[in-house]
Amino acid sequence: MDIVVVVRQLADLVEELEVNDEGTDIDRDFVKFVANEWDEAALEEALCLKEAVGGTVTVVALDEPDVDQTLYAAAAKGADRVVKLTGHDPDGWVRTRERAARVATWLRDQHPDVVLTGVQAADDLDGQMAGVVAAYLGWPHAAVVVVVEPAGNELTVTQELGGGTVATSTLAMPAVLGIQAARQAPRYAPISRIRQAQQSTTIEEVEIDEPAIGAVASVRRLFPPPSRGGAEMLEGSAAEVADKIVEILRARGLVRA
Amino acid sequence: MSVAVLVVSERVVGEVPDVTFELLGKGREIASALGGELAIAVLGHQVGELPFGAADVAYVVDDPALANYAASAVEAALAAVVEAASPKVVLMSTGTVGLDLAASLAARLGAPMASYAVDVATEGDTVVATSQLYGGKLLAEVALEGSPAVVSVIPGSFAADAGRVGGAPRIETIAVSLDGAGARGEGVREPEASGVDITAADLLVSVGRGIGSKENLELVQELADALKVPLAASRPIIDQGWLPKPHQVGKSGKKVKPQVYLALGISGAPEHLEGMRSAGTIIACNTDPKAPIFEVAHYGTTVDLFDLVPELTERL
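Because the structure is predicted, anything quoted here is derived from the model rather than measured. (Residues numbered from 1 in each chain as written. Chains lettered and ligands numbered in written order. Predicted model: local features only at pLDDT ≥ 70, side-chain atom pairs only at ≥ 80, totals over all residues. Heavy atoms only, no water.)

A.B. asks: Please give an account of the UniProt feature "domain: Electron transfer flavoprotein alpha/beta-subunit N-terminal" (unreviewed entry) in chain A that cites residues and values.
C.D. replies: The UniProt feature table records "domain: Electron transfer flavoprotein alpha/beta-subunit N-terminal" (unreviewed entry) at residues 23-210 of chain A. From the first C-alpha to the last, residues 23-210 of chain A spans 25 Å; its make-up is 31% helix and 31% strand. (UniProt positions renumbered as here; feature names shortened; annotations may be inferred. Helix = DSSP H or I, 4+ residues; strand = E, 2+ residues; numbered from the N terminus.)

This is the structure in structure tokens:
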């Protein structure tokens, strides 16, 4: 089974995010970029599928800050081939629609059996990748996928529908899946193996022309949510805060301490 | 009168969920502003007597291929409804069906789209959405020029009551061939009963990514044991395999409504907030003072949970 995994970089949400001077994007100059965590799940599921039924895993990403590190890490984990798509501003915000169109342009020549990507990314303003890539290619798709099982020329997938309810469906291959969770937690690649991958792996670079993506939402302004007052902050040491929390619980009859 | 707003019913099994009525309520406002009808798309098989809420017209696709949910088949049916209704706005949720289909529908139509919306309004003929980005840390105000404007809304963003009020809408039955959709539904499974029922507890101790490792869970488990309450968790803990699925609070886990929800090391991603924001009192512990959880919490502390939890346990 030939599997393509689409991965991307994303601003690290642990960091403080500032809005740029134009007010339409985050200020990218001082942000740390990390791999999108749902894409890590997609890669893990791809590697598990390969281990189960054989085949290849190709990982593709757009050129973005620190993406080489993510691609080498994928190789260290077991990806057979890593590809970087260029032809856009690597330091700007590439909208999901454009991102998907670029990936779809490349995929048309690849003939994979299945394409996996993370179910979402925290800046998917104009839609989730899997569905958009599928729409551009005319392939079936499913999102919020938690189980993938090959069955002949088809895939049986299980999707979460919310509240613990799941749906199982069968898709003709090739198909595009938005992975919510892999069958196991994403594996870890030690730095020594990533360094080794840097020596032995070549990142293929492919230039993609600017695709036509039709109408997309235009950002007028990006801003922190107005504070609604929020929480009453409990100040003091850990012991003092613990006293206050126990008092809150006691007032509601939830502890007798 | 032409259709201004099409709301996609999120029902897959059981009752029509609240979010559909939330969208109908907001849809009514937008339809009035745009001077058109409010429509609902109902896709399924043997759909029977469903409530259509505030809708003026219901577009029904009733087909055996939709008896069990399969994304591509539902999308093909939805595309046929959009073609028939020709709405200016399509409202879905960033939830069950919307997360699956909104983006592909919009791309297929070449239509503008906004995900994770928490508000939708109109300025003349332009639809303006406000969307949560970066896990709720920022909001984006976006203009959607072009028709239809597809907006997927975070469940819980609007009141449902206005959307429930309605009469008997006009029914439009749409026939569509779903043979070539490339997917077939095999079945829908409700959550399995388990020994843990986090929905029944008056008090929940809930833990998130801030716990760091599986080994550290022992610390919060001791607190939950001392309180004699179940331990709940946010998505990352479940995905790591540190706790089983029945412990999960959030969009794809359980919706909980305890008297008190003690959130430890949880940042407050929209998917998590969806599952716990109805708790009577929310107490949040997170070292990041800007964590979105503090916006919904009643009480908060930035004390490190590794310092706080042993102190709490000691007092019980």
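Still more to cover.
A.B. asks: Account for the packing of aromatic side chains, naming residues and giving values.
C.D. replies: All names here are of chain A. Following the criterion strictly, the structure yields zero aromatic pairs over all chains and no others. Geometry around W93 places R95 over its ring, the cationic atom sitting 5.4 Å from the centre. For the cation-ring pair, R221 lies above F223, with the distance from its terminal atom to the ring centre recorded as 3.8 Å. (Phe/Tyr/Trp six-rings, centres within 6.5 Å; stacked < 30°, edge-to-face > 60°. Lys NZ or Arg CZ within 6 Å of the ring centre and 35° of its normal.)

A.B. asks: Explain the nonpolar core residue by residue, including any values.
C.D. replies: Ranked by internal contacts, the top residues of the largest apolar core, which has 104 residues, are I3, V5, V57, V59, L116 and L177 of chain A together with Y59 of chain B. Sorting elements by how many residues they give to this core places helix α2 (residues 71-85) of chain B first, with eleven residues. In this structure V59 of chain A touches V5, V7, L43, L71, A74, A79, R81, V82 and V83 of chain A, once residues within four positions along its chain are discounted. Ranked by size, the runner-up nonpolar core spans 54 residues in total, among them A121 of chain A together with F21, L91 and A129 of chain B. (Core = buried A, V, L, I, M, F, W, Y, C linked by side-chain atoms within 4.5 Å. Buried < 20%, exposed > 50% of the residue type's maximum accessible area, 1.4 Å probe, protein only. Contact = heavy atoms within 4.5 Å.)

A.B. asks: Explain the interface of chain A and chain B residue by residue, including any values.
C.D. replies: Listed per partner, the contact involves 85 residues of chain A and 86 residues of chain B. Buried surface at the junction of chain A and chain B, both sides included, amounts to about 7,000 Å², of which 57% is carbon and sulfur. Summed over the shared surface of chain A and chain B, the number is nine salt bridges. At the surface where chain A touches chain B, the tally comes to 41 residue pairs in polar contact (both at pLDDT 80 or more). Every element with two or more residues in the side of chain A that touches chain B is listed here: α4 (129-137), β7 (141-151), β8 (154-162), β9 (165-172), β12 (218-223), β13 (232-233) and α6 (238-251) of chain A. Broken down by element, the residue count for the side of chain A that touches chain B peaks at nine residues, all from α6 of chain A. A breakdown of the residues in the side of chain A that touches chain B according to their chemical character gives 49 nonpolar, 19 polar and 17 charged. Pairing between β9 of chain A and strand β10 (residues 183-189) of chain B: six bridges, direction antiparallel. (Buried area = accessible area lost by both parts, 1.4 Å probe. Salt bridge = Lys/Arg side-chain N within 4 Å of Asp/Glu carboxyl O. Polar contact = N/O pair within 3.5 Å; in protein donor to acceptor, adjacent residues only side chain to side chain. Nonpolar A, V, L, I, M, F, W, Y, C, P; charged D, E, K, R; others polar. Pairing = 2+ DSSP bridges.)

A.B. asks: Mind laying out the sheet that holds strand β5 (residues 113-123) of chain B, listing which residues take part and the relevant values?
C.D. replies: Think of a sheet as strands paired side by side through backbone hydrogen bonds, with each pair either parallel or antiparallel. Read from one edge of the open sheet, ten strands run β12(A)-β7(B)-β6(B)-β5(B)-β8(B)-β4(B)-β1(B)-β2(B)-β3(B)-β9(B), paired in mixed fashion. Each end of this open sheet is capped by a strand with a single partner; those strands are β12 of chain A together with β9 (170-173) of chain B. Here the average twist between neighbouring strands, direction ignored, is 30°. Looking at chain direction, strand β1 (residues 3-8) of chain B and strand β2 (residues 37-44) of chain B are connected through five bridges and run parallel. Bridged to V7 of chain B within β2 of chain B is I40 of chain B. The sheet contacts of helix α1 (residues 18-34) of chain B involve β1, β2, β4 (89-93), β5 and β8 (149-153) of chain B, and relative to β1 of chain B the element is tilted by about 170°. Running over the sheet, α2 of chain B touches β1, β2, β3 (57-62) and β4 of chain B and is turned about 155° from β2 of chain B. (Axes fitted to C-alpha atoms, helices over the stretch in contact; angles between N-to-C directions.)

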